[in-house]
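Structure assessment
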Amino acid sequence: MSTYLYYPGCSLSGSARAYAESLTAIVARLGIELKEIDDWNCCGATEYLTLSPLRGYALIGRNLALAERQRNGTNTLVAPCSACYANLAKTDRFVRESPVLRERLNGALAADGLQYTPGSITVRHLIEVLIEDVGLDEIQRHVTRPLHGLRVAPYLGCLVSRPDYDGRWSQHEQPRDLDRLMTALGAEVVDYPLRTACCGGHMTQIGPNTGFELIRRLVDAAYRREADLMVTVCPMCQMNIDAYQGEMNHHFHTNYHIPILFFTQLIGLAFGLEPKALGIGTEIVSAGRALGRIGIEVPPAAEEVVPVEAASHAGRRPKRSQGLPMPRLDEDDR
Amino acid sequence: MPAAVGAPEHGAAVDYRFIDEIRAAAEGDSRLETCIQCGTCGGSCPSAADMQHTPRMLFAMARAGFRDDVLRSNTPWMCVSCYFCSVRCPQEIHIPDVMYAIKSIATREGVAPQMIGADFSRTFVDNIHHYGRSFEVGLVARHYLRHYPLRLPGMAPMGIGMVTKGRMGFVPHRIRGIAGLRAILARAGELEAAGRSEGIRP
């Protein structure tokens, strides 16, 4: 049984409840104990840094200080949310790098009797812990229901392999680790060159036209490669691709229907766990049909909310957008 | 194209200390002064097409002291913090953090070009001050009623789905140490203000 400190982040008790449920189910199988930091606070996403960088770092620093105080046998702090992970890792890195910031950050934390020793906590993303510490062989050993025939677009997103100040990833732009994990589960991995492209983050909130275009590129690339679904390691990516896919379709007059699940949900399915216990069915763009194709029955959700225009590939062809004149990696494949 | 060559567009005086002001506001060590104007950042940026200035141009303007033009540019508000520029930058400049620094100055001085961005950040941060955690329902409700009332009808199916599928908690969670957290943030704010009044830190 290996033990890690655990920082769930706000969305895991809300919009990414399925992520929390599925990761809890699979780490139990893999003999991992996650010790949640007591009374952690929000990492501020990019919003606090936007208004006030020092207060943003102080907010994140409180979590690091609590982790340092509560560590007991382990210095490794695991975060399942890519934004939380990036913020925690970056703050630790920046206070190691800058004595001035270290002094100012600790000056602020002292207001509540806390302090953080730079480097005392190692921050890691859940997917990296599963791949590096548990290992693909061990994960494969638990697979009882291989995902044969399921075509998966591996969407790692940004903020995991980038900025990656501590060099945990062999590649910043095209890492194949999520691909290999999906292969270990028996899934058929499509070559998805946008694996670390950006979902737009908060752009759906402050600049929807930009946000919808970024979502469109990701969904379109998965569609063109005939992926049944996308897989993600981040609540923000899941939210943008899933919850805003309908509005994006409306914006571009398209009818994409590409479900996106958390990687922990697919691991759980391959481990033979019940779809319901993994939060499957809570996605807005239903993965029911895709999973049904490989013989996994998903109980119908309380209310199936699939926007009519997004309900099937069969209707109109996706229209070329009037969006940003940017290079598109998938242009050559047509 | 915006006038970014020669003289500041807004007719303001040139401020050669502005680049140091940004570096100080970025906290940490942004390395902004090492920019070699290669343009890799703009070429790597997924939202560059919606920016008034590419990051490279913005940094040239900052170095030339076009304080007002930089603060009024929409560029930092279009940054999606994806770090493509950051990992490709040959000078290892912490570009997203430079963007945060510029946004923080622009917001404080009330000259940010798109107040919706600053406003979303403020709503988000208000929740943190109230609860210590993000409160998704409150955030989305306040933000959309204020800025996107016309998007609401089209979003109804998604909103209903989020609720019926149990993805929206209606009761915010308040951390026990909220008073301590507020004290930490207040102290950080004081330190930030003191840093500004002492002038540019090295």
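Everything numeric in this text was worked out from a predicted model, so none of it was measured.

Residue and element names in this part refer to chain A. Strand order in the open sheet made by the four strands is 6-5-7-8, with parallel pairing throughout. Strands at the two margins of the open sheet, each flanked by one partner only, are strand 6 (188–189) and strand 8 (260–262). Note that strand 5 (residues 151–155) and strand 7 (residues 229–232) share four bridges and pair parallel. Note that in strand 7 the partner of Val 152 across the bridge is Leu 229. Packing against the sheet, helix 13 (residues 263–270) makes contact with strand 7 and strand 8, and its axis sits at approximately 75° to strand 8.

Before going further, it helps to examine unusual backbone geometry. The step from Arg162(A) to Pro163(A) runs through a cis peptide bond, and the omega angle for that step is -5°. Even without a glycine there, the phi angle at Arg31(B) is positive, about 60°. Structurally, the position occupied by Arg31(B) is in the loop between helix 1 (18–25) and helix 2 (40–44). For Arg31(B), a count of 17 C-beta atoms within 10 Å gives the class partly exposed. One non-glycine residue, Glu92(B), lies in positive phi territory at about 55°.

Counting all residues, the mean pLDDT for chain B is 92, and 96% of those residues have values of 70 or more. For this predicted complex, the interface confidence comes out at an ipTM of 0.94, alongside a pTM of 0.91.

Looking now at the sheet that holds strand 3 (residues 76–79) of chain A. Residues and elements named next belong to chain A. One open sheet holds the four strands; their spatial order is 2-1-3-4, and the pairing between them is parallel. What marks the edges here is a single partner per strand, and that holds for strand 2 (32–36) and strand 4 (122–125). Strand after strand, the sheet turns through a mean of 40° between neighbouring axes, direction not considered. Both strand 1 (residues 2–6) and strand 2 contribute to a ladder of five bridges, which runs parallel.

Right, let's talk about helix 13 of chain A for a bit. Residue and element names in this part refer to chain A. In terms of burial, helix 13 is a largely internal element, eight of the eight residues being buried. The inward-facing, buried residues of helix 13 abut helix 1 (17–29), helix 6 (126–134), helix 7 (136–141), helix 8 (177–184), strand 7 and strand 8. Just downstream of helix 13 lies Gly 272, where phi reads positive at about 85°.

This brings us to the environment of Ile258(A). Residue and element names in this part refer to chain A. By the element assignment, Ile 258 lies in the loop between helix 12 (245–252) and strand 8. Looking at Ile 258, the number of C-beta atoms within 10 Å reads 23, which means it is buried. Residues Ile 258 and Asp 133, 125 residues apart in the sequence, show an inter-C-alpha distance of 31 Å.

Once that is clear, we can look at the packing of helix 8 (residues 115–131) of chain B against helix 9 (residues 136–147) of chain B. All names here are of chain B. In contact at an axis separation of 10 Å, helix 8 and helix 9 are set at 150° when each is read in the N-to-C sense. In terms of axis orientation, helix 8 runs roughly antiparallel to helix 9. The element helix 8 and its partner helix 9 pack so that their crossing is right-handed. In this structure, helix 8 contributes Ile 116, Phe 120, Thr 123, Phe 124 and Asn 127 to the contact, and helix 9 contributes Gly 138, Leu 139, Arg 142, His 143 and His 147. Per-class residue counts for the contact of helix 8 with helix 9 are four nonpolar, five polar and one charged.

Rules of the game
- Residues numbered from 1 in each chain as written.
- Chains lettered and ligands numbered in written order.
- Predicted model: local features only at pLDDT ≥ 70, side-chain atom pairs only at ≥ 80, totals over all residues.
- Pairing = 2+ DSSP bridges.
- Helix = DSSP H or I, 4+ residues; strand = E, 2+ residues; numbered from the N terminus.
- Contact = placed C-beta atoms within 7 Å.
- Axes fitted to C-alpha atoms, helices over the stretch in contact; angles between N-to-C directions.
- Buried ≥ 20, exposed ≤ 12 C-beta atoms within 10 Å, placed from the backbone.
- pLDDT = per-residue confidence, 0-100.
- Parallel < 35°, antiparallel > 145°, perpendicular 65-115°, else oblique.
- Left-handed = near helix turned anticlockwise from the far one by under 90°.
- Nonpolar A, V, L, I, M, F, W, Y, C, P; charged D, E, K, R; others polar.

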